[in-house]
Amino acid sequence: MDFVKIVIDTKGGDKGAATMIKGAAMALEKHPQLSVLLLGDEAFISAECAKLQMPADRVEILDAPGEITNYDSPAEAMFQKTDSSMLRGVSALARREDLFGMITTGNTGVLITAAIRYLSGTERVRPALAAVLPAQTGGFTCLVDTGATVDCTPPILHHFARLGSDLMKNMYGIAAPRVGLLSNGSESSKGNKLVKETYPLLRDDQSLCFVGNIEGNNALSGDCDVLVCDGFAGNQVLKVTEGTATRIITDVMKYAYRTGSDEVKKLGAHLMSVYDIGSLGGGIILGAAKPVIKARGSAGEEAVVNTAAMLLNMAANKAVFAQDKNKV
């Protein structure tokens, strides 16, 4: 069997290395075609792997005693914490042909900087952080950018549209992904200065299937396959969507337990399975030569399993991420 080998950074998450290792064990059990390279404290990882009886022939361990925290600046971390699990992981991913992709819960800024340094090739492109979210129609919408670049120019948003379109083509086999531009109105005249100046760039690009402006209430309606915005707005869309979904599901479950209704409990469980964004996987760094997924800091075992499944899906579809070589 040809294995798909992925890197899992065991450090940087809120729930500790043991949670990441257990998630890796669950992913190996669920996906027989998967193998992993675990980075972190070698002695601890070895002990946890033995405890979980993980298959030795599908697990490799790379010692990385250093750790990047959420308080580290990208510039300082890149030079002062070269022994960290995150940087050693991205470096290994860039050097080794047998490694397909990487999962980490660590510092987003440092991760993006590392992706630019190690995974951008000779023609570096501006990376974007994309989230693939469930749409009302049953498909998915790629929201890009969700926080990598908060201050954008029209060419940058145009670049993000191409990256998001390439992802949806490669990952889901959509021949012509519909691209929308986040705005405060559907008319072409609506939006702030950035949106108004970006609109004609997307409209006139014949390689894109641009469907116009998309309002926030239709972000996940299924009206577009790719929704383009600056990182500040995208991050707010992501968090407001998750917060609203969590509030609704919590109220449904409270009602279910107050009334004792099994049907309402089933409804709550169904809603949780669809809208638990934290368990869907993580943000995908677009513009890198290999897929790197930034899972949430609070990610648990199931998130690791689902994120590994995302990478396997990309491998099966031979997803390519650094296709747009325009420098912006």
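Reference entry: report on the structure contained in this document.

Calculation criteria
- Residues numbered from 1 in each chain as written.
- Predicted model: local features only at pLDDT ≥ 70, side-chain atom pairs only at ≥ 80, totals over all residues.
- Heavy atoms only, no water.
- Helix = DSSP H or I, 4+ residues; strand = E, 2+ residues; numbered from the N terminus.
- Buried < 20%, exposed > 50% of the residue type's maximum accessible area, 1.4 Å probe, protein only.
- 1 Å grid on protein atoms, 1.4 Å probe; cavity = no way out; pocket = protein on both sides within 12 Å on 5 of 7 lines; lining within 4 Å.
- Points joined across faces, edges and corners; volume = space filled by probe spheres on them.
- Nonpolar A, V, L, I, M, F, W, Y, C, P; charged D, E, K, R; others polar.
- Axes fitted to C-alpha atoms, helices over the stretch in contact; angles between N-to-C directions.
- Parallel < 35°, antiparallel > 145°, perpendicular 65-115°, else oblique.
- Left-handed = near helix turned anticlockwise from the far one by under 90°.
- Contact = heavy atoms within 4.5 Å.
- Pairing = 2+ DSSP bridges.
- Expected span 1.5 Å × (residues − 1).
- Polar contact = N/O pair within 3.5 Å; in protein donor to acceptor, adjacent residues only side chain to side chain.

1. Considering unusual backbone geometry
A cis geometry characterises the amide bond from valine 144 onward to aspartate 145, with omega recorded as 15°. For aspartate 145, the position within the fold is in the loop between strand S6 (140-144) and helix H6 (154-172). Phi is positive for glutamine 53, close to 55°, though the residue is something other than glycine. Residue position: glutamine 53 is located in the loop between helix H2 (42-51) and strand S3 (59-63). A residue is classified by how much of its surface remains accessible, and glutamine 53, at 70% relative accessible area, is exposed.

2. Considerations on empty space enclosed by the protein
The tally for this structure, following the rule as stated, stands at 1 cavity of 30 Å³ or more. Empty space within the largest cavity amounts to approximately 40 Å³. The wall of the largest cavity is formed by Asp9, Lys11, Gly12, Glu67, Ile68, Ser84, Ser85, Met86 and Gly106. Across the lining of the largest cavity, the residue classes tally to 2 nonpolar, 4 polar and 3 charged.

3. Digging into the packing of helix H4 (residues 85-95) against helix H5 (residues 108-119)
In the contact formed by H4 and H5, the axes pass within 10 Å of each other and the chain directions differ by 30°. In terms of their interaxial angle, H4 and H5 are classed as roughly parallel. As H4 packs across H5, the resulting crossing turns out to be right-handed. Every residue of H5 that contacts H4 at Met86, Leu87, Val90, Ser91, Leu93 and Ala94 is listed here: Val110, Leu111, Ala114, Ala115, Tyr118 and Leu119. Here the contact of H4 with H5 is built from residues that sort into 11 nonpolar, 1 polar and no charged.

4. Points about the sheet that holds strand S1 (residues 4-9)
If you trace the 11 strands from one edge of the open sheet to the other, you get S3-S2-S1-S4-S11-S10-S5-S6-S9-S7-S8, paired in mixed fashion. Looking at the sheet topology across the chains shown, the edges are occupied by S3 and strand S8 (209-215). Each strand of the sheet is rotated relative to its neighbour by a mean of 25°, with strand direction disregarded. In this structure, strand S7 (residues 178-183) lies alongside S8, joined through 6 bridges in parallel fashion. Residue leucine 181 lies in a different strand from S8, and its bridge partner there is asparagine 213. The strands touched by H4 are S1, strand S2 (34-40), S3, strand S4 (99-104) and strand S11 (292-295); relative to S4, the strand with the most contacts, the crossing angle is about 160°.

5. Here's the deal with H5
An ideal rise of 1.5 Å per residue puts 16 Å on 12 residues; H5 measures up with 15 Å between its terminal C-alpha atoms. Here H5 has its buried residues at Val110, Leu111, Ile112, Ala114, Ala115 and Leu119. As for H5, its buried residues are in contact with helix H3 (74-80), H4, S4, strand S10 (282-286) and S11. Taking the backbone nitrogen of glycine 109 as reference, a side-chain oxygen 3.0 Å away marks asparagine 107 as the first, capping residue of H5.

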